[in-house]
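Per-entry structural report
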Amino acid sequence: MQTVWKPFFSYNLWALFEPAIGQEQRHCPMKRGFLKARAKEPEVAPLIQQETVYQEIGLLAQQGIYEFHQDVHCLIGDDGVNRVSAILGLENRSQEVRNRVTQVLANYQVTPILLGKNILKLSRGDEGFPEPILLRSGNQECNLFAAIDCIFVEPDGTLHILDFKTGKSDFDRRQAYVYLLAAKYLYPNYEAIASFYNLESQTWSDPIRALSVQLQVLEMDLFRFAQQHQNDLQRYRRKLASFEEIFPPHSGYQCQTCQFQSVCQFTI
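Rules of the game
- Residues numbered from 1 in each chain as written.
- Predicted model: local features only at pLDDT ≥ 70, side-chain atom pairs only at ≥ 80, totals over all residues.
- Heavy atoms only, no water.
- Helix = DSSP H or I, 4+ residues; strand = E, 2+ residues; numbered from the N terminus.
- Rg over C-alpha atoms; globule rule 2.2 N^0.38 Å.
- Lys, Arg positive; Asp, Glu negative; His and termini not counted.
- Charge placed at Lys NZ, Arg CZ, Asp CG, Glu CD.
- Buried < 20%, exposed > 50% of the residue type's maximum accessible area, 1.4 Å probe, protein only.
- Salt bridge = Lys/Arg side-chain N within 4 Å of Asp/Glu carboxyl O.
- Contact = heavy atoms within 4.5 Å.
- Phe/Tyr/Trp six-rings, centres within 6.5 Å; stacked < 30°, edge-to-face > 60°.
- Pairing = 2+ DSSP bridges.
- Axes fitted to C-alpha atoms, helices over the stretch in contact; angles between N-to-C directions.
- Expected span 1.5 Å × (residues − 1).
- Arc of directions from axis to C-beta.

Secondary structure assignment for the chain yields 10 helices and 8 strands. Expected size for 268 residues packed as a compact globule is a radius of gyration near 18 Å; at 20 Å, the chain falls within 12% of this value. If you line up the chain on its principal axes, its C-alpha atoms span 60 × 45 × 45 Å. Put simply, the chain has 26 plus and 30 minus side-chain charges, and the middle of one group is 6 Å from the middle of the other.

See the structure below:
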């Protein structure tokens, strides 16, 4: 049977749509256009496939935590960091990546925050797209994608959704709310909280909760974003010359690290 296509939503799409509070000056709507509307174009597709140093460190750090918990001897052994480094192939990475990920592994071995937890899920980070969660509102349907790093159960039975971070970016509470909405569908019998843990700074956010009414409002917003995104894509496909009108540029400091510098005429 042919799969019926549906609008989709994810935290990533939300972040491309609207800036986080305090990040307004760094937000460029045109980036959503390159990533979502022009992703298959020959000059754009290779740029999307390129992994930034930031992404490389984040993924390897998460993979390292996953490998530690696949073999507890790596987590508690004196040579654990070297063994996990070998699994990750850090010797083939740049000096910056090697140094920062090695430090993450060393830090985690000293403070293994998941050791002894009742872990329901721990992702390696390279599993690809998660299975969509089907949301319905009236006659509308939407697929929600939530790539959750880790889920464990607190001693009091609360479901704890944990997202790993690296670098210096602030935590975006919107991501936590998307995960809490996903948990409402995936684990309806659990009370849930969400939090962030920065593997480099070893900083843990406060636990984030959401009232039922907050999740209802989020779900309504989610449908609106998903539909608006599809409308934008359709407008672009009908009139390719309208790209910069639909996805307006916001040039600035963020251009220095944007992966689309070489194809964006507005880069400064």
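Once the structure has been displayed, the description carries forward.
Moving on: the side chain of E154. Within the secondary structure, E154 is located in the loop between strand 5 (150-153) and strand 6 (159-165). The charged side chain of E154 is buried without a salt bridge, its nearest counter-charge being K117 at 4.4 Å. The residues touching E154, leaving out its near neighbours within four places in the chain, are K117, H160 and I193.

The next thing to look at is the packing of aromatic side chains. Describing an aromatic ring pair means giving the distance of the ring centres and the angle of the ring planes. Summed over the entire model, instances satisfying the criterion amount to 14 aromatic pairs. Ring plane angle 65° and centroid distance 6.1 Å describe the contact between F129 and F145, whose orientation is recorded as edge-to-face. With F129 in the loop between strand 2 (118-122) and strand 3 (133-137) and F145 in strand 4 (residues 140-145), this residue pair connects regions lying 16 residues apart in the sequence. F129 gets classed as exposed once you look at its relative accessible area, which sits at 78%. You can call F145 partly exposed: its relative accessible area is 22%.

Take unusual backbone geometry next. Residues other than glycine seldom take positive phi values, yet Q202 does so here, at roughly 55°. The residue Q202 is located in the loop between strand 7 (192-198) and strand 8 (203-204) in this model.

Read across the sheet, 3 strands follow the order 1-4-3 without closing on themselves; strand pairing throughout is mixed. Pairing within the sheet leaves two strands with one partner each, and these edge strands are strand 1 (8-10) and strand 3. Between one strand axis and the next, the sheet turns through 35° on average, direction left out of account. Inspection of the sheet shows strand 3 paired to strand 4 by 5 bridges, in the antiparallel sense. Residue pairing for strand 4: R136 is matched across the bridge by E141.

Our focus in this paragraph is helix 7 (residues 95-110). Between its first and last C-alpha atoms helix 7 spans 23 Å; for 16 residues at 1.5 Å apiece the expected length is 22 Å, and the two agree. Within helix 7, the full set of buried residues consists of V97, V101, V104, L105, N107 and Y108. Each buried residue of helix 7 lies within a common arc of 165° when the element is viewed along its axis, so the set occupies one face. Those residues of helix 7 hidden inside the fold are in contact with helix 4 (53-70), helix 5 (72-76) and helix 6 (80-88).

The final tally for this structure, using the stated rule, is 18 salt bridges. R100 is the salt-bridge partner of E200, the closest N and O atoms lying 2.8 Å from each other. Of this pair, E200 sits in the loop between strand 7 and strand 8 while R100 sits in helix 7, placing them 100 residues apart in sequence. When its relative accessible area of 23% is taken as the criterion, E200 is described as partly exposed. The salt bridge partner of K184 is E219, with a shortest N-O separation of 3.8 Å.

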